[in-house]
2 protein chains.
Amino acid sequence: MSENDAGQIKPFSQITQHDVARLANASQAAVSRVIANNGYVASDVRQRIEDAAEQLGYRPNPLARGLTKGQSNIIAVVMADIINPFYPIALDALTDAIQRSGREVLLFNAAHHQTVDDVIPAVLKYRVAGIIITTALLSSKAAEMCESMNVPVVLLSRHSQRSESFVVRCDNQLGATQAAQLMISGGCKRLAYIGGRPNSSTNTDRRVGFVSAVEKAGLAPVTVIEEIFDYRWGMDATAALFADVPDIDGVFCGDDVIAFGALDCLRFKLGKRVPQDVSVVGFDDVPSAAWSAYDLTTIRQPLELMVEKTLEFITSTDPRAPRVHTIPGELIRRSTVREPLLKA
Amino acid sequence: MSENDAGQIKPFSQITQHDVARLANASQAAVSRVIANNGYVASDVRQRIEDAAEQLGYRPNPLARGLTKGQSNIIAVVMADIINPFYPIALDALTDAIQRSGREVLLFNAAHHQTVDDVIPAVLKYRVAGIIITTALLSSKAAEMCESMNVPVVLLSRHSQRSESFVVRCDNQLGATQAAQLMISGGCKRLAYIGGRPNSSTNTDRRVGFVSAVEKAGLAPVTVIEEIFDYRWGMDATAALFADVPDIDGVFCGDDVIAFGALDCLRFKLGKRVPQDVSVVGFDDVPSAAWSAYDLTTIRQPLELMVEKTLEFITSTDPRAPRVHTIPGELIRRSTVREPLLKA
DNA sequence: TTGAAAGCGCTAACAC
DNA sequence: GTGTTAGCGCTTTCAA
């Protein structure tokens, strides 16, 4: 607007602590102290500085701050399967919580051409305040890198014995056990498990929980088939399963998306009635599980609590505190499991 | 391993250009030149530097680089409706493309407590190389901020007349027109539109395209009902619609998720057959549209092309190039629209 | 071609 | 309490 220095308005946020200091008649260091809220500064000076900052529209430059402190205000989220509907909900909750805590989210997609291990170096360059990994595990080499840079890592919804990472997860075994009990009490005799990625902890825990609960009940052993967490697989696996073992009357699925595929195969390809002929249970409770077309009985992951604990871990300082936090899921009964006959 | 300077290994990525310079017997400035690939450096020196960098596992610090250059290697993605299944696919494609171009993604969730305008200042602090906004529009004030800092903004899947932003979008009007034609050719006479957020450009464009195509065909005017892009609304709107106008035989929905709600209401609450009694068309072609339980006829947004163009815009320099890019969608015929009777 | 040197905006001793 | 000063790791003149 005005063309001289007098009324000069620098483009937004090119304003530095020097500018503020000049206007407030204080040193730049003093400005730093009040902005970072760290160190002594007389209340009248503080007031002048705050006013000046306000007036100039001062915004601290996180790049500069990160450089000097050796740590940024950024939390990295590494995700490999953004498409699977569980992850968007998780991401929504995570980003919201992180932003509310005044930090920002750097998102790394570890799908397609990159693995988690590939992206870790890129993450670390940013001197992030923490790393949240969903979906896939971390090699010990990558975990060491993080540790050597003192960056806390939390594995969300993943388990891992060996690393020093924090772990926040739903109690998958317990959930699977509940699923088994529900189906068994509904009268299922011949059960199957359609799993996702075989070597993922999520899959293993769910399988183990289910298989052992069924075993404990003295039923025929569970037929297990595992490959990947997606709809297509749920469909194909179901077809294969029933071709092999036609009298299956209950299917527990590694996640909801697999269950949707199973349900559609059962109803539209195999002509089975659910739940009369076969019962189906999923895991996660993604939004579409509640849609009428599926109305899927499933185990809900306690996402709010999981996210909360995840952020706690990131900022935790006590090295002796437990590093693994397991939260029970919640059985959501809808209409894909046969109810027990009333013994009237 | 060894305890002296000789074999000393600094923790990963604490290694600076100084360290590399010392090992390569060159100046730190020279190292900068080869790393940034910018400026003259003799080939033997370059070789030594590259070897040294390799050997030490040197990684440039993006915070420092960003500070000096006044621009980071980060692209911000602002998203408000991560839950709606269209956005995860978009996000997956976006993040993958951005990472492949050697940049990183800072994700801002503009839902819950924050609007797009709220997050823009936070975005700008990071001196990002560009901002990609999905889901919601930008006030002109926020747009000015971006412009004053010389940060390109692209509105993905949004339109906006007034701002200087780039726009990449699917041709919503055309898609809606195709939907109308398909339904009409299948024999629909009494059509309705169930829209999402009334003042969003996506919604408006789709409504206008549909309404005018129906009008052009000389049919009864379209009944319009709009509120929000979600499943629940699709369900409720459908119930309300048929209570009001029972003879509707074709429903075009603002997006797939609304269509899922409509479908479920029609089938499970209203006892209608789809497509025999009423035809339904969605928009987006999210993954679940292909699932057997829905098998929804819809318009696919050309996401790959949209993402590609978005990144082109971010790096474009020609100020006279057109700033709006509209790409036609693709009609995906599945089973929710009645086929025309064959006039044999 | 190359190195020295001056910052980028900020934090954190360190003296006063 | 406060200002001065020395960097954080990097880019970029500017001389040599």
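Predicted, not measured: the structure shown is a model, and the values here were computed from it.

### Observations regarding the relation of the copies chain A and chain B
Each copy of the sequence occupies a distinct position, and chain A is placed on chain B by a rotation of 180° and an axial shift of 0.0 Å, giving an RMSD of 0.1 Å. Seen this way, the second copy is the image of the first under a two-fold rotation axis. Relative to the rotation axis, the C-alpha of Leu106 of chain A is the closest in chain A, positioned 2.2 Å from it. When the interface residues of chain A are mapped onto chain B, 100% of them are again interface residues, pointing to one common binding face.

### A word on the sheet that holds strand β11 (residues 324-327) of chain A
A sheet is described by the order of its strands in space; here 12 strands give the open sequence β11(A)-β5(A)-β4(A)-β3(A)-β1(A)-β2(A)-β2(B)-β1(B)-β3(B)-β4(B)-β5(B)-β11(B), paired in mixed fashion. Whereas interior strands pair on both sides, the edge strands pair on one side only; in this sheet they are β11 of chain A together with β11 (324-327) of chain B. Along the sheet, successive strands turn relative to each other by an average axial angle of 20°, direction set aside. Helix-sheet contacts for helix α5 (residues 86-100) of chain B involve β2 (104-109) of chain A together with β1 (74-79), β2 (104-109), β3 (130-134) and β4 (153-156) of chain B, and the interaxial angle to β2 of chain A is about 80°. Strand contacts of helix α6 (residues 116-125) of chain B: β2 of chain A together with β1, β2 and β3 of chain B, with the helix running at about 160° to β3 of chain B, the strand carrying the most contacts.

### Points about the nonpolar core
Within the largest apolar cluster, 152 residues are counted, with the highest numbers of intra-cluster contacts made by Phe210 of chain A together with Phe210 of chain B. Beyond its immediate sequence surroundings of up to four residues, Phe210 of chain B is in contact with Ala176, Ala179, Ala180, Met183, Leu191, Ala192, Tyr193, Val222 and Phe252 of chain B. Formed by 57 residues, the second largest nonpolar core is a distinct cluster that contains Leu106, Val119 and Val167 of chain A together with Ala136 of chain B.

### Quick word on unusual backbone geometry
All names here are of chain A. With an omega of 10°, the peptide bond between Val274 and Pro275 qualifies as cis. Along the polypeptide, Pro275 turns up in the loop between α11 (256-269) and β9 (279-281). One non-glycine residue, Asn25, lies in the positive phi region at around 60°. Considering the arrangement of structural elements, one finds Asn25 in the loop between α1 (17-24) and α2 (28-36). Notably, Asp295 is not glycine yet its phi reads approximately 50°, a positive angle. Along the chain, Asp295 turns up in the loop between β9 and β10 (298-300).

### Thoughts on the UniProt feature "domain: HTH lacI-type" (unreviewed entry) in chain A
Using the residue numbers shown here, the UniProt feature "domain: HTH lacI-type" (unreviewed entry) corresponds to residues 15-69 of chain A. End C-alpha to end C-alpha, residues 15-69 of chain A measures 20 Å, and it is 71% helix and 0% strand.

### Digging into the pattern of salt bridges
A full pass over the atoms with the stated rule returns 28 salt bridges over all chains. Among the ionic pairs, Glu330 of chain A bridges to Arg300 of chain A, the shortest N-O distance being 3.8 Å. Separated by 30 residues along the polypeptide, Glu330 of chain A in strand β12 (residues 330-332) and Arg300 of chain A in strand β10 bring together distant segments of the chain. On the basis of relative accessibility, which here comes to 44%, the residue Glu330 of chain A falls in the partly exposed class. For Arg22 of chain B, the salt bridge goes to Asp19 of chain B, with nearest N and O atoms at 3.6 Å. Here the residue Arg22 of chain B and the residue Asp19 of chain B both occupy positions in helix α1 (residues 17-24), the gap between them amounting to three residues, near one helical turn.

### Some thoughts on the interface of chain A and chain B
Taken together, the contacts link 55 residues of chain A with 55 residues of chain B. Between chain A and chain B lies a buried interface of about 5,300 Å² when both sides are counted; carbon and sulfur atoms form 65% of it. For the interface between chain A and chain B, the tally reads zero salt bridges. Taken together, the elements giving at least two residues each to the side of chain A that touches chain B come down to α4 (62-69), α5 (86-100), β2, α6 (116-125), α7 (140-148), α10 (231-244) and α11 of chain A. Looking at which element gives the most residues to the side of chain A that touches chain B, the answer is α5 of chain A, with eight residues. Of the residues contributing to the side of chain A that touches chain B, the split by class is 33 nonpolar, 14 polar and eight charged.

### Regarding the protein's contact with DNA strand C
Taken together, 26 residues sit near DNA strand C, with Gln28 and Tyr58 of chain A together with Arg33, Ala42 and Thr68 of chain B positioned nearest. Each atom of DNA strand C within 4 Å of the protein was classed as base or backbone; sugar and phosphate made up 63%. Interatomic distance of 2.8 Å between a backbone N/O atom of Gln17 of chain A and a phosphate oxygen of DNA strand C. Between Ala64 of chain A and DNA strand C, the recorded distance is 3.5 Å, taken from a backbone N or O atom to a base nitrogen. Of all the secondary-structure elements, those providing two or more residues to the surface near DNA strand C are α2 and α4 of chain A together with α2 (28-36) and α4 (62-69) of chain B. Top element by residues in the surface near DNA strand C is α2 of chain A. It accounts for five residues.

### Details of the packing of α5 of chain B against helix α12 (residues 303-315) of chain B
Residues and elements named next belong to chain B. For the pair α5 and α12, the least separation of the axes is 10 Å and the interaxial angle reads 45°. It follows from the interaxial angle that α5 and α12 lie oblique. Of the two elements, α5 crosses α12, and the hand of that crossing is right-handed. On α12, the residues touching Phe86, Ile89, Ala90, Ala93, Leu94, Ala97 and Ile98 of α5 are Leu303, Val307, Thr310 and Leu311. Tallied by class, residues from the contact of α5 with α12 come to 10 nonpolar, one polar and no charged.

### Things to note about the packing of aromatic side chains
For any pair of aromatic rings, geometry is given as the distance between the ring centres together with the angle between the planes. Applying the stated rule across the entire model yields 19 aromatic pairs over all chains. Centre to centre, the rings of Phe86 of chain A and Tyr87 of chain A are 5.3 Å apart; their planes meet at 75°, and the pair counts as edge-to-face. Each member of the pair, Phe86 of chain A as well as Tyr87 of chain A, carries the same accessibility label: buried. Every member of this aromatic cluster is reached through a ring pair, and the members are Tyr231, Phe260, Trp291 and Tyr294 of chain A together with Tyr231, Phe260, Trp291 and Tyr294 of chain B. Directly above the ring of Phe283 of chain B sits Arg206 of chain B, whose terminal nitrogen or CZ lies 3.8 Å from the centroid.

### What to know about the sheet that holds strand β9 (residues 279-281) of chain B
Residues and elements named next belong to chain B. Strand order across the open sheet formed by four strands is β7-β6-β8-β9, with parallel pairing between neighbours. With partners counted over all chains shown, the strands left at the sheet margins are β7 (223-226) and β9, one partner each. Pairs of neighbouring strands in the sheet enclose a mean axial angle of 15°, with direction left out of account. The strands touched by helix α9 (residues 201-216) are β6 (191-195), β7 and β8 (250-253); relative to β6, the strand with the most contacts, the crossing angle is about 175°. Helix-sheet contacts for helix α11 (residues 256-269) involve β6, β8 and β9, and the interaxial angle to β9 is about 160°.

### A short note on the protein's contact with DNA strand D
Around DNA strand D there are 27 residues in total, and Arg33, Ala42 and Thr68 of chain A together with Gln28 and Tyr58 of chain B lie nearest to it. In DNA strand D, the atoms that sit within 4 Å of the protein are 58% sugar and phosphate, with bases accounting for the remainder. Within the side chain of Arg33 of chain B, one N or O atom sits 3.4 Å away from a base oxygen of DNA strand D. Taken together, the residues that form the surface near DNA strand D break down as 13 nonpolar, nine polar and five charged.

### Topic: the pairing of strand β4 (residues 153-156) of chain A
Residue and element names in this part refer to chain A. With burial as the criterion, each face of β4 is covered, one bearing Val153 and Leu155 and the other bearing Val154 and Leu156. Viewed along the sheet, the connection from strand β3 (residues 130-134) through α7 into β4 turns out right-handed. Sheet topology note: the β4/strand β5 (residues 166-170) ladder contains three bridges and is parallel. Bridging across to β5, Val154 finds its partner in Phe166.

What counts, and at which threshold
- Residues numbered from 1 in each chain as written.
- Chains lettered and ligands numbered in written order.
- Predicted model: local features only at pLDDT ≥ 70, side-chain atom pairs only at ≥ 80, totals over all residues.
- Heavy atoms only, no water.
- Least-squares fit on C-alpha atoms with pLDDT ≥ 70 in both.
- Contact = heavy atoms within 4.5 Å.
- Pairing = 2+ DSSP bridges.
- Helix = DSSP H or I, 4+ residues; strand = E, 2+ residues; numbered from the N terminus.
- Axes fitted to C-alpha atoms, helices over the stretch in contact; angles between N-to-C directions.
- Core = buried A, V, L, I, M, F, W, Y, C linked by side-chain atoms within 4.5 Å.
- Buried < 20%, exposed > 50% of the residue type's maximum accessible area, 1.4 Å probe, protein only.
- UniProt positions renumbered as here; feature names shortened; annotations may be inferred.
- Salt bridge = Lys/Arg side-chain N within 4 Å of Asp/Glu carboxyl O.
- Buried area = accessible area lost by both parts, 1.4 Å probe.
- Nonpolar A, V, L, I, M, F, W, Y, C, P; charged D, E, K, R; others polar.
- Near = heavy atom within 4 Å.
- Polar contact = N/O pair within 3.5 Å; in protein donor to acceptor, adjacent residues only side chain to side chain.
- Parallel < 35°, antiparallel > 145°, perpendicular 65-115°, else oblique.
- Left-handed = near helix turned anticlockwise from the far one by under 90°.
- Phe/Tyr/Trp six-rings, centres within 6.5 Å; stacked < 30°, edge-to-face > 60°.
- Lys NZ or Arg CZ within 6 Å of the ring centre and 35° of its normal.
- Right-handed = clockwise from strand over helix to strand, strands pointing away.

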